[in-house]
Structure formats: C-alpha cells, structure tokens
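# Survey of secondary and tertiary structure
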Amino acid sequence: MEHDERFGHARSVTLPGPLALDGGQVLTPVTIAYETYGTLNADASNAILICHALTGDQHVASVHPVTGKPGWWVRMVGEGKPIDPARHFIVCSNVIGSCMGSSGPATAAADGNPYAMRFPVITIRDMVRAQAMLLDHLGVRTLTAVGGSMGGMQVLEWAATYPDRVKSAVIIASAARHSAQNIAFHEVGRQAIMADPKWRGGDYYESNDPPAAGLAVARMAAHITYLSEAGLTEKFGRQLQARDAVGFGFDADFQVESYLRHQGLSFVDRFDANSYLYITRAMDYFDLAEEHGGMLANAFRGSKARFCLVSFDTDWLYPTRESRSIVQALNAAGAAASFVELSSPYGHDAFLLEAPELNRVVDGFLRAGGL
Amino acid sequence: MNDQALLGLRPDLRIIADHVAAGSRALDIGCGDGALMAALRDHAGVDARGIEIDATNVASAVARGLSVVQGDADVDLVGYPSGAFDYAILSQTLQTTRAPDKVLDELLRIGAKAFVSFPNFAYWRVRASLLWGGRMPVTRTLPVAWYATPNIHHLTIDDFRAFLKERGIVTEGAWFLNGDRLTSEWAANFRAEHAVFLIRR
C-alpha cells in the first residue's frame, strides 16, 4: 500500500463517471480531491469516511495548503484520538461543488473554460454518490461514516442511499432537513454574493477580481449562526475595539464587528463565491424525509447500521430537536441508535472545538462497533 | 445469567437480569449509566436499548458501546413502535414520571412484557417516619429530602396491585426486597422496602 498512489495526503482522482445527478444532469468526468490516513486492513473493514461541513475540505488532519493552519478536526483525528490512523483507514474527500480540488464551478468544463454557473446544481445525495465512486476506486466496500453539520447530512444520506455499505454512522450537530430559518440565512449569504458587482453572473474567474465583498458578508452572516449569544457576549460583550469611546461613524467600533470582518476577509482567501452558492443550495434542498415518501423512518428501513447522534445545547442553527426527530425516526425503524445532547457554550461551532465528552462518546461508539 | 455478571448490580436489577430471556430484545427506560444493559448484553446476548435523561449517564453508556438515547420517559416513549421489544424495563423511575399511568400504558405497548420496580411508600420505616417523626421519610430507597426529590408520584405495593387489577394487567412475577434480600409475599406492603413486578397485557 505504501507504493499505491491512491493513498496518502493531497490526492486527486478523475473518474470517468457518469455521475447521474438528482437535478437530472450528468456529470462526467468527476474529479475528487481527497486524503487518506492510516492503512486499509486486509479485509477492508477499518475504513472511516469523514464528511466535512459547508466550507470544510479534505485536509481533516493535515496542514491546510492555503492558510497553513492544522487540519480542521485534529481534535478528533490523529494519534491517540477517537479516529486514529494507527487503527483506522481514514478517508476525507472534498465534496463536489466545492473549490478545494473536486469538480465544482471553478473547474474547467469540456470547453476549457470554468463551469461557473453552468455547473449543475447538486444535492447532498449527489455529493454522497461521488464519495461512493471514490470509495469504490479505493477498494472500500463497507465503512463507518462520521460527520458534523453538513457532514452529518451526508452521513445520514449515506445510511439511506447505501444501507448495505454503512456499518456505523456518527452524526454531530446536524439535521435531516434544512428548516425555513436555515434556508433564510443561506439566502442572505447568496444575495450578498450575487449583489456584489464583481460577481458578474458568476463569470469572474478570468478577472482575478472575485466578489470578495459579497462573499465576506455571506460568511459574516453565517458565522453568527455558528456561535451562541452567550458565547458572543462572553467573548466580546459590548467592548470597543482599540478605542475608548464610540467613534460616531461606521468603522468597527465594537470588537465583535472587527472579529466578524476578520472572519469574512480571511474566508475569501480560501473559498470560492460560486462554490458557496452551490453548496448552500445543496443544503437547502436537503430533506431526507421528503426523499422517502415524507416519512423519515422510511429512510432507515433495512439499514443495519448503528447510529450515534450528538447535539449541543447552545446550537441554534441545528438545535437538539432536529437530532431528536432523527432519533425518533431511527427508533421507529428499529435501528440501533444512541443520542446525547452535550453542554457547551460555543453553539454550533462546538463540534469543531475541544470537547472531551464528544471525543469520549465517539471513541466508545466506534470501539463498540469493533473499530 | 452467571453470578459474576450479576455482581455489583443493584438488587432490583439483579432480579430483572435473572428473568430476562437470553437473546431477547429489551428497552431499559431510565437506564442510568447502562449497568443492567451491559450485563444483559454481555452475559445473555440481549439486544438492549436504553433511554436516560441525564447527559453524563448517556455519555458513559454510549462510551460502553451501548445504544442509549437521551430522553424522558414521559415524552419519548411514543416514538417507539408497538411490540418492538420483548421487555420494557422501568426500574426506580415510575415514581418520578409526570403521568405514571400513561407511562405504564406505553411500556405495555412497546414491550410484550414489562419489568417495573419502585420503592414502596407503605414500607414500615416510611410509615414510622411519618407517623412518629411527622417528617417526610428519608430512607435508603427514598434518600433525598422533600425539596430535592425527583419523586413526584409515591406509590405503595398495594396501590400498584390495585392499579394492575383495575386495568386488567396480568402479573407474571413479583419480587419484594429489603435491602438486597428477597422477602416473602407475606405482608409485603408493610415489610418490603422495594418491589419488582413483571407484568403483561
């Protein structure tokens, strides 16, 4: 396996497809950027697929090539961590529609120009189908799927679409559908991007002058939804930024303002505005119950997978009741389900931060499944 | 089940563990950290699922590899389909529920049979405490002062028997405990600190 070019960091594969999309179009070929950690064992039984969130990527436990920061989930993935390359064969792929190397609006279409808005609208299930193609390529048939937020949606979709392939599923701070409020926040972000004159109908790649202002605003609005009010108050309160009194103007007087501006600006360095449009759309379309005749339990009938769900008490983006309705459906379907609401001051972001209880739960759950 | 597995289990749980058929499916409601579920799984091959209200307990149980859902017996049993389990187990929880009668209905809907264990409020020490001390009793099975107790529907063994009769529920087994020792059925309502019933529709 050491000499197998398929495995390791910063890998990419172009598969011929065709990938039939929910929207009716066909994507061919399909490029998927991914990383693997650890070694696939002889009977290929130790594979863990990690599904990333909206603006995440394949660099789950390796240094990000643009920001130079450690992987986004080194708290969960690494030596001695619940997901451990010493025991597990770990796969993390960049979702299609994204901008970190997988097929998306920024990649070249057949005519050599970037797809831009010609890229077909995709769904969470399309992302999962592409991941399944990657796993076939890697020789992985059955797997454990783990993900938070949009990653959790992919895990749910995996269990529903490939019930005979998923052995265990960990869904953290997620939901089985996007609520009207979720869609509303995403629409604010999309409108901010499309209102930026530099968006140019999505055709900005040649200009080297992307709609950074719009994307930054989109990120600022979204970022608020990732935090809790208590967390924001604790961190910033109404403290002023580098001044003693308000400036009676529209500079960033408050620390929270400059914090958000920083979040927005640093985001545009590593993310593509069109990808933001496509991926938020995929999340908005997500409704696992609707895909299964309006009954969420039907999505899990016949699934042999064990499920573990975790929510955080201050997460108002995907609140506990969303996890609970998934658990109810799992119970109704007779699936083996665990669920716990953990306490954290950090809101939705808690799943990315230091959370010993989360690690303990995930570790126990994986080990009980023989992983 | 062998003695080793039962060692360390609370006495009422030991009785339940002794009478759950190997290889069956059981739902333990108010499962705590999963001690009973783990014993049932490891030593009788029982497919055990749990519900527990306390997050720390749930995390402990999940870390043990058990399937436990954080939830409340009063509201979360409706999500389980009828006849999904061979046994529904409610140990030392009935007296903490808001609507014990509805919870019992749910137990017998979800499980073919149900184990119910509860502290007996007619136990002589409890009676003595109220009669002579004039204070709300604090005993081994009712260890918390009146203002902090989770118990909101105290009951006695005779209350429970009357309830079963009234609802036409069949008693398949009954065990009466003083501490960790079984006591006879004779005058159980007065002499037993704790009771375990196995019931069915």
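The name that an unreviewed UniProt entry assigns to chain B is Methionine biosynthesis protein MetW, with the source organism given as Sphingomonas oryzagri.

With an unreviewed UniProt entry as reference, chain A is termed Homoserine O-acetyltransferase, source organism Sphingomonas oryzagri. Reading the Sequence similarities (unreviewed entry) entry of the UniProt record for chain A gives the comment "Belongs to the AB hydrolase superfamily. MetX family." UniProt annotates chain A under Subunit (unreviewed entry) with the comment "Homodimer."

Here the focus is helix α9 (residues 320-332) of chain A. Its 13 residues give α9(A) an end-to-end C-alpha distance of 18 Å, which sits within 8% of 18 Å, the value for a rise of 1.5 Å per residue. Buried within α9(A) are the following residues: A:T320, A:E322, A:S323, A:I326, A:V327, A:A329, A:L330 and A:N331. Along its buried surface, α9(A) packs onto α2 (150-161), α8 (296-300), β9 (306-312) and β10 (336-342) of chain A together with β3 (67-70) of chain B. Trailing α9(A) by a residue or two, A:G334 shows a phi angle of about 75°, which is positive.

This part takes up the nonpolar core. Of all hydrophobic cores here, the largest spans 115 residues; its most connected members are A:F300, A:F307, B:F160 and B:I199. Sort the elements by how many residues they give to this core and helix α1 (residues 124-138) of chain A lands first, with 9 residues. Those residues within four positions of B:F160 in sequence are excluded, and the remaining contacts are B:L94, B:L104, B:V116, B:F118, B:L155, B:F197 and B:I199. If you look at the next biggest cluster of nonpolar residues, it comprises 59 residues, including A:F365, B:L40, B:V58 and B:W175.

Next up on the list: unusual backbone geometry. Residue and element names in this part refer to chain A. The omega torsion across G17 and P18 is -5°, close enough to zero to call that bond cis. A cis geometry characterises the amide bond from T28 onward to P29, with omega recorded as -5°. Position of P29 relative to the elements: it lies in the loop between β3 (26-27) and β4 (30-37). Unusually for a residue other than glycine, A173 sits at a positive phi of about 45°. Summarising the element assignment, A173 is placed in the loop between β8 (166-172) and α3 (180-195). For A173, a relative accessible area of 0% puts it in the buried group. You will see that F248, though not glycine, has its phi angle at about 50°, which is positive. Relative to the elements of secondary structure, F248 occurs in the loop between α5 (229-235) and α6 (255-268).

Before going further, it helps to spend a moment on the side chain of B:T97. With respect to the secondary-structure elements, B:T97 resides in the loop between β4 (85-91) and α6 (100-110). Beyond its immediate chain neighbours, meaning those up to four positions away, B:T97 contacts B:A73, B:D74, B:V103, B:I152 and B:H153.

Two measures describe an aromatic ring pair: the distance that separates the ring centres and the angle between the ring planes. Throughout the structure, instances matching the rule amount to 21 aromatic pairs over all chains. Where B:F115 meets B:W175, the ring centres are 6.4 Å apart and the plane angle is 35°; that geometry is what we call tilted. Placement of B:F115 in strand β5 (residues 111-119) and of B:W175 in strand β6 (residues 170-178) is noted, with a sequence separation of 60 residues between them. The residues B:F115 and B:W175 share a single accessibility class, namely buried. Taken together through their ring pairs, the aromatic side chains of B:F118, B:F160, B:F176 and B:F197 make up a single cluster. A cation over an aromatic ring shows up here: A:R306 above the ring of A:F365, its NZ or CZ 4.0 Å from the ring centre.

This brings us to the interface of chain B and chain A. On the side of chain A, 20 residues touch chain B, which itself brings 18 residues to the contact. In total, about 1500 Å² of surface goes out of reach between chain B and chain A, with carbon and sulfur atoms giving 51% of it. A per-residue breakdown of the area chain B buries against chain A is headed by B:V62, B:V69 and B:Q70, which together make up 30% of the total. Counting every contact that joins chain B to chain A gives 1 salt bridge. A salt bridge links A:R324 to B:D76; the nearest nitrogen and oxygen atoms lie 3.6 Å apart. Across the contact surface, chain B and chain A share 9 residue pairs in polar contact (both at pLDDT 80 or more). Only α4 (55-63) and β3 of chain B provide two or more residues apiece to the side of chain B that touches chain A.

Residue and element names in this part refer to chain A. Positionally, T225 belongs in helix α4 (residues 212-226). At a separation of 2.5 Å, a polar atom in the side chain of T225 contacts the main-chain carbonyl oxygen of A222. In this view, T225 contacts F185, W316, L317 and H348; residues no more than four positions away in its chain are not counted.

The next subject is the pattern of salt bridges. Pairs can form between side chains of opposite charge whenever their charged atoms are close. Residue and element names in this part refer to chain A. Scanning the entire structure with this criterion turns up 33 salt bridges over all chains. Across the pair D22 and R125 runs a salt bridge, and its minimum N-O distance is 3.2 Å. One end of the pair, D22, is in the loop between β2 (19-20) and β3; the other, R125, is in helix α1, with 103 residues separating them in the sequence. Of the charged contacts, one joins R190 and D284 as a salt bridge, the two residues approaching to 2.7 Å between their closest N and O atoms. Taken together, the positions of R190 in helix α3 and D284 in helix α7 (residues 273-285) put the pair 94 residues apart, joining distant regions of the chain. For the pair formed by R190 and D284, the shared burial category is buried. What you see here is one network of salt bridges that share partners, running through D22, R125, D126, R129 and E291.

Residues and elements named next belong to chain A. Here the UniProt feature "active site" (unreviewed entry) sits at S149, D315 and H348. The named residues occupy 200 residues along the chain; their greatest pairwise C-alpha distance, 10.7 Å, places them in one compact cluster. Within the annotated group just given, the residues that line the largest pocket are S149 and H348. Looking at the element boundaries, D315 is found in the loop between β9 and α9. For D315, a relative accessible area of 2% corresponds to the buried category. Leaving out residues up to four positions away in the same chain, D315 has contacts with A173, G347 and H348. At 3.0 Å, the side chain of D315 and the backbone nitrogen of Y318 are in polar contact. Among the secondary structure elements, H348 is positioned in the loop between β10 and α10 (356-368). Given the relative accessible area of 2%, H348 is considered buried. Not counting residues within four places of it along the chain, the set of residues in contact with H348 comprises S149, A173, T225, Y226, D315, L317 and Y318. Within the structure, H348 has its side chain in polar contact with the side chain of D315 (distance 2.8 Å).

Parameters at a glance
- Residues numbered from 1 in each chain as written.
- Chains lettered and ligands numbered in written order.
- Predicted model: local features only at pLDDT ≥ 70, side-chain atom pairs only at ≥ 80, totals over all residues.
- Heavy atoms only, no water.
- UniProt positions renumbered as here; feature names shortened; annotations may be inferred.
- Helix = DSSP H or I, 4+ residues; strand = E, 2+ residues; numbered from the N terminus.
- Expected span 1.5 Å × (residues − 1).
- Buried < 20%, exposed > 50% of the residue type's maximum accessible area, 1.4 Å probe, protein only.
- Contact = heavy atoms within 4.5 Å.
- Core = buried A, V, L, I, M, F, W, Y, C linked by side-chain atoms within 4.5 Å.
- Phe/Tyr/Trp six-rings, centres within 6.5 Å; stacked < 30°, edge-to-face > 60°.
- Lys NZ or Arg CZ within 6 Å of the ring centre and 35° of its normal.
- Buried area = accessible area lost by both parts, 1.4 Å probe.
- Salt bridge = Lys/Arg side-chain N within 4 Å of Asp/Glu carboxyl O.
- Polar contact = N/O pair within 3.5 Å; in protein donor to acceptor, adjacent residues only side chain to side chain.
- 1 Å grid on protein atoms, 1.4 Å probe; cavity = no way out; pocket = protein on both sides within 12 Å on 5 of 7 lines; lining within 4 Å.

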